[in-house]
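The primary structure of each chain is shown beneath.
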Amino acid sequence: FPQSTTFEGVGVHVDGRTVPPREEIRAMVLAGGGRYYNYFERSRVTHFVVENIPGAKLQFIRALENAGIHVVRPSWVTESEKQRKLRPVEGFRVDRVLDTKQKKLDVIAPKSVPVATNNSSLGVNRNISTNSGLSSRENPNFVREYFQQSRLSFIGTFKARFESILARIAENKGTSVSAMMSTAEQRRRFCEEHKLQRWILHVDMDCMFASVAVAKNPSLSGKPIAVCHGTSSAPNAARSRSEISSANYIAREAGIKAGMLLGTAIERCPSLVTVQYDFSAYEALGKAMFHIFFEITPLVEAVSVDEAFLDVTGIVPSDDMVKVAHNEQWDVTQLSHQEILAFYVRHKILLQTKCPASTGIGQNKLMAKVATRRAKPNGQFMVQPGEFSRIVSELSVSELPGIGWSTREKLTALNVLTCDQLRAVQLTKLREEFGAVLGTRIFDVCRGRDDSAVELLRIRQSVGVEINWGVRFLANEEDKVENMIREMVEVVLERLGEGSASKITFTELRSKTKSEPYKFLGHGICDVISRSGRTLVKGAGQVSCDFDVLAQACIELHRSIKIAPEDLRGVGIHLSGLRFPWLKLTVSEATTHGLDIRASKKEAIAGNVTFARDRELAVSEGEQLDVVISELEKARSLAASSVERNPTGPTRILAGAQYEFVLPTDADAIDRSVLAALPAEMRRTIEKQVSFQTALSTSTGSRVHHPTKKRRKLVVPRGQMTLTQLSRTQSSGFEKEKSINSNIAVQLNTKGRFSAPDLDSELLHVLSEWMTGVGALGHGKLEIVNKVKIISQWLTKLLNTDKFELARGIMTS
DNA sequence: ATCCTCCCCTAC
DNA sequence: TAAGGTAGGGGAGGAT
Ligand SMILES: Nc1ccn([C@H]2C[C@H](O)[C@@H](COP(=O)(O)OP(=O)(O)OP(=O)(O)O)O2)c(=O)n1
Ligand SMILES: [Mg+2]
Ligand SMILES: [Mg+2]
């Protein structure tokens, strides 16, 4: 909170390296009641603080001064603070490059400000950090190297690797994965039939990445350590924005957590020691851990590389296992089977890997998982029947699995902080606030209710790749951008393996700022723009996941987004609607219909899938499964025929369709004259959206949360076109900026059902009606339509068909 | 009641 | 300096 009013009404942005450093300037300004902007914002910054002006920046600085923004040296801030009064800016103007100053600065900060590449029209330091060799434009092996170094990619892809890990485990045991799966299924059924009391173990390694480092280098034990790419001994470590992946329990006492930035962590714990990643060691540790689990039961569910659920219902520990518990000086006669099993597992893991694991024990997965928190570090804890509510009563609601930052904030707003308080909230209230399913889930979770099964393997429904770090290109490097996209397609196809996908979603981040973000090569504040389409090849009438087809599709989607290469900060490619050679349905279809295709791949091939729950539509007989399959196949072929006729058109493919055309709503991208020509209601909606967005993008720095906005619909009179404002939120992650989604969808709704062959005519008709409807508004409408690139592409295609008359009519008008 | 699209949330 | 990914579940608002 401000301690004085010295800087009231002042907005400060610090550019480049300064003395004193920007952190101090920021503190002074904030303490004096002023505002500090990490990013330069023309409309809010009143004072642009900079030490000196290299030639490359001169033009930019001139423009600032012309716009009435004061460009001052840091001493303006320090002097004003000292005198508790704003100093006149005159005495603090910044000279052009000052040699003496430059030198002085060099002494203080040997690695002085990097040379600007100055490729932007404004002459700002757009690519100030592109001389490291690490960015996408400099590193020829950027995509592969990025994935090799990303710990989030490593943990995010673990489950996909688990199937082959399982195959190795099966091989070692002289069996096969499918045999293990049917054994698991038999066990489950046996327990159900005999109504045995369920007992679940949740095993989780203690500070896994950190423990691996300590095991390898025992001299680290006793010290506070953190795993990250940065180094605590580096000269600028206190400013490091390297993200911490795992911290040991000594470091945690000082408040260090996963996700924290190294600089912040060092501030809290100056003696913190950093260690580098060792992904192959984590993988090996994970494998060793799972080997041990399968000694006990085939009912194992991998949660992550360091964590699993074991369904140990009805399992009696062997004499060896009892001995282990006994050796730990426990009175085994006092221990339940599940506790002995937990001792055994933990003992064996520690013995084999030198890394400690903790175990929670409960009558369902939820209770076991919550128990693990109490067990850590290096312990075990059993939730006794009926004890759950008492155990969590005083804990924060965010201790409950599934309740994260957003839900906690919403509950806090309702004055609900503890699990006890949560239990006092009515089910109807929770459903009102969070929706039918989530509301019920929250209601159940705070009571320890959960009947989900321990699932050995799940078939994936989607696969994707994303890179939102290090993405930097120059204005003339569009070819490099497209090359990066191709390389990412290559990677996503490797991960897809034998599967194929029917839908593709392409996402890009576009920088909203003119300067580099605070995190080195980070994405900073961005708009998130996405486009989706079908992987259907015209003429072939079926999906294709050939490299060439997908690469082309992505590049077309990329071009339709129209981001200047120098503004690009991230790329994502996501494939969904997955099917596999041995499965008749897409994975999501099967899941939606309650089919248990996890039981066995072989059974699925035979169409002999027999498990279902919850839904009336559920299938319990092979015969009914066939009905579901044939219905879905009918729908699919209908869909395929309409998309086949219209591959670049609407993304929705089923008959009687919904079409969403998405256009970006960047303030700059909106043509004022077009806006002026729109009907008042529509104009207001757009204006509201744009100003809302601007408000969002400026509220960085502290933790802010804008609750999700409800969608606002707007129907164009006389037309069939509706303009829909999509819901949006902004929250800031832990010490991170967060980008926001920013699309307006123009939704074209057709009247009633129509048959697939009439699709084009119908759409043309509707579109022409709409055009007539807004025709009186002047030519502005055409520019709007032009922004809807996908419509005009589609119209152009139709010029070459028998519908050309209509199409030409629309284009002409 | 169910499906679709886009988006948000959660966990590691 | 630094590697801010990945996948699933589900809600809103719409169509059928
Ligand atoms: N935000 C996160 C969370 C986790 N991880 C990685 C590092 C962790 O070591 C590993 C396992 O995650 P856990 O949540 O199990 O965390 P730890 O094992 O580190 O600690 P704990 O003892 O709380 O389980 O995943 C990460 O890189 N970033
Ligand atoms: Mg762990
Ligand atoms: Mg874990």
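Everything numeric here is computed off the predicted structure, so don't read it as measured data.

Hey, could you run me through the coordination of the magnesium ion (ligand 2) in this one?
Six octahedral donors around a metal ideally make angles of 90 or 180 degrees; four tetrahedral donors ideally make 109.5 degrees. Ligation of the magnesium ion (ligand 2) by protein atoms is provided by Asp 204 (OD), Met 205 (O) and Asp 306 (OD), these donors lying 1.9 to 2.2 Å from the ion. What the 6 donor atoms of the magnesium ion (ligand 2) show is an angle range of 76 to 179° at the metal, which sorts the shape as octahedral. Taken as a pair, the magnesium ion (ligand 2) and the magnesium ion (ligand 3) lie 3.4 Å from each other and share Asp 204 as a ligand. Of this pair, Met 205 sits in strand E5 (residues 200–205) while Asp 306 sits in the loop between strand E9 (300–304) and strand E10 (307–311), and the two are 101 residues apart along the sequence. Here Met 205 falls in the buried class, since its relative accessible area comes to 2%.

Please clarify how the coordination of the magnesium ion (ligand 3) should be interpreted in this entry.
Looking at the magnesium ion (ligand 3), the protein donor atoms are Asp 204 (OD), Asp 306 (OD) and Glu 307 (OE), and they sit 2.1 to 2.4 Å from it. One chain supplies every donor to the magnesium ion (ligand 3), and in sequence these donors are spaced D-x101-D-E.

Help me understand helix H20 (residues 436–445) in this model?
Residues that lie three or four places apart on an α-helix share one face, since the helix turns once every 3.6 residues. All of the buried residues in H20 are Gly 439, Ile 442, Phe 443 and Val 445. On its buried face, H20 is in contact with helix H15 (365–375), helix H16 (388–392), helix H17 (405–413), helix H18 (419–423) and helix H19 (427–434).

What is the right way to look at the site of ligand 1 in this model?
Around ligand 1 sit 15 residues, and of these Arg 151, Cys 207, Ser 246, Tyr 249 and Arg 252 come closest. Taking Arg 252, its side chain carries an N or O atom lying 2.8 Å from an oxygen atom of ligand 1. Across the complex, the protein chains shield 76% of the 550 Å² of accessible surface that ligand 1 would expose by itself. Only helix H6 (151–156), E5, helix H9 (208–216) and helix H10 (249–253) provide two or more residues apiece to the shell around ligand 1. Residue composition of the shell around ligand 1, by class: 7 nonpolar, 2 polar and 6 charged.

Explanation requested: the sheet that holds strand E2 (residues 35–36) in the structure shown.
Hydrogen bonds between backbone groups are what pair the strands of a sheet, and the pairing can be parallel or antiparallel. With respect to topology, 4 strands assemble into an open sheet ordered E2-E1-E3-E4, the strand pairing being parallel. Two strands bound the open sheet, and with one partner strand each, they are E2 and strand E4 (70–72). Two strands pair when backbone bridges link them, and strand E1 (residues 11–15) and E2 are joined in this way by 2 bridges, in the parallel orientation. Counted as the bridge partner of Val 12 is Tyr 36 from E2. Packing of helix H3 (residues 74–83) onto the sheet brings it into contact with E1, strand E3 (47–50) and E4, and relative to E3 it is tilted by some 110°.

Before we go on, may I ask you to explain the side chain of Ser 358 in this structure?
Within the secondary structure, Ser 358 sits in strand E11 (residues 357–362). When its relative accessible area of 0% is taken as the criterion, Ser 358 is described as buried. Polar side-chain contacts of Ser 358 include one of 3.0 Å to the backbone nitrogen of Asn 378. A polar atom in the side chain of Ser 358 sits 3.3 Å from the backbone nitrogen of Gly 379. Discounting residues that sit within four places of it in the chain, Ser 358 has contacts with His 202, Val 203, Asp 204, Asp 206, Arg 346, Thr 372, Ala 375, Lys 376, Pro 377, Asn 378 and Gly 379.

Just to check I follow, could you spell out the confidence of the model for chain A for this structure?
Interpretation of this model should avoid reading the predicted coordinates in detail wherever pLDDT is low. Of all residues in chain A, 65% have pLDDT values of 70 or greater, and the mean over the chain is 74. Low pLDDT, under 50, characterises residues 97–128; the predicted model gives this stretch 55 contacts beyond four residues in sequence or across chains. Within the model, the stretch residues 769–793 combines pLDDT values under 50 with 38 contacts to residues more than four positions away or in other chains. This prediction of the complex comes with two scores: 0.71 for pTM and 0.98 for ipTM.

Got a minute to help me understand the environment of Gln 3 in this structure?
With respect to the helices and strands, Gln 3 occurs in the segment before E1. Gln 3 sits in the exposed class, given a relative accessible area of 70%. Remark: the alpha-carbon pair of Gln 3 and Leu 30, spanning 27 residues in sequence, is separated by 8.5 Å.

Please clarify how the sheet that holds E5 should be interpreted in this entry.
Here we have 5 strands laid out as an open sheet, ordered E9-E10-E5-E11-E12, and mixed in their pairing. With one partner strand each, in any of the chains shown, E9 and strand E12 (380–382) form the two edges of the open sheet. Averaged over all pairs of adjacent strands, the angle between their axes in this sheet comes to 15°, without regard to strand direction. Note: E5 against E10, 5 bridges, orientation antiparallel. Its bridge partner lying in E10, Ile 200 is registered against Asp 311.

What am I meant to see in the UniProt feature "binding site: Mg(2+)" (unreviewed entry) in chain A here?
On the UniProt side, "binding site: Mg(2+)" (unreviewed entry) is annotated at positions that read Asp 204, Asp 306 and Glu 307 here. Their sequence span is 104 residues, while the largest C-alpha to C-alpha distance among them is just 5.6 Å; these annotated residues converge on one region. Relative to the elements of secondary structure, Asp 204 occurs in strand E5. Classification of Asp 204 by relative accessible area gives buried; the value is 10%. Apart from the residues within four sequence positions on either side, Asp 204 is in contact with Asp 306, Glu 307, Ala 357, Ser 358, Thr 372 and Lys 376. Once residues within four sequence positions are removed from consideration, Asp 306 is found in contact with Val 203, Asp 204, Met 205, Met 208 and Met 289.

Any chance you could explain the pattern of salt bridges here in plain terms?
Side-chain pairing between opposite charges can occur once the charged atoms of the two side chains come close. According to the stated counting rule, one finds 28 salt bridges in the structure shown. The salt bridge partner of Glu 399 is Arg 373, with a shortest N-O separation of 3.5 Å. With Glu 399 in the loop between H16 and H17 and Arg 373 in helix H15, this residue pair connects regions lying 26 residues apart in the sequence. Classification of Glu 399 by relative accessible area gives partly exposed; the value is 30%.

How should I be thinking about the pairing of E10 in this particular structure?
The side chains of a regular strand alternate between the sheet's two faces. With 5 of its 5 residues buried, E10 lies for the most part within the structure. Going residue by residue along E10, you find Glu 307, Phe 309 and Asp 311 tucked away on one face and Ala 308 and Leu 310 tucked away on the opposite face as well. Note: E9 against E10, 4 bridges, orientation antiparallel. If you follow Val 300 over to E10, its bridge partner there is Leu 310. Counting the residues that bridge the hairpin from E9 to E10 gives 2 residues.

About the criteria used
Residues numbered from 1 in each chain as written. Chains lettered and ligands numbered in written order. Predicted model: local features only at pLDDT ≥ 70, side-chain atom pairs only at ≥ 80, totals over all residues. Heavy atoms only, no water. Donors = N, O, S within 2.8 Å, 3.2 Å for Na, K, Ca; no water. Tetrahedral: all angles 85-135°; square planar, octahedral: opposite > 155°, others 65-115°. Helix = DSSP H or I, 4+ residues; strand = E, 2+ residues; numbered from the N terminus. Buried < 20%, exposed > 50% of the residue type's maximum accessible area, 1.4 Å probe, protein only. Contact = heavy atoms within 4.5 Å. Near = heavy atom within 4 Å. Polar contact = N/O pair within 3.5 Å; in protein donor to acceptor, adjacent residues only side chain to side chain. Areas by Shrake-Rupley, 256 points an atom, 1.4 Å probe, with all protein chains shown as cover. Nonpolar A, V, L, I, M, F, W, Y, C, P; charged D, E, K, R; others polar. Pairing = 2+ DSSP bridges. Axes fitted to C-alpha atoms, helices over the stretch in contact; angles between N-to-C directions. pLDDT = per-residue confidence, 0-100. UniProt positions renumbered as here; feature names shortened; annotations may be inferred. Salt bridge = Lys/Arg side-chain N within 4 Å of Asp/Glu carboxyl O.

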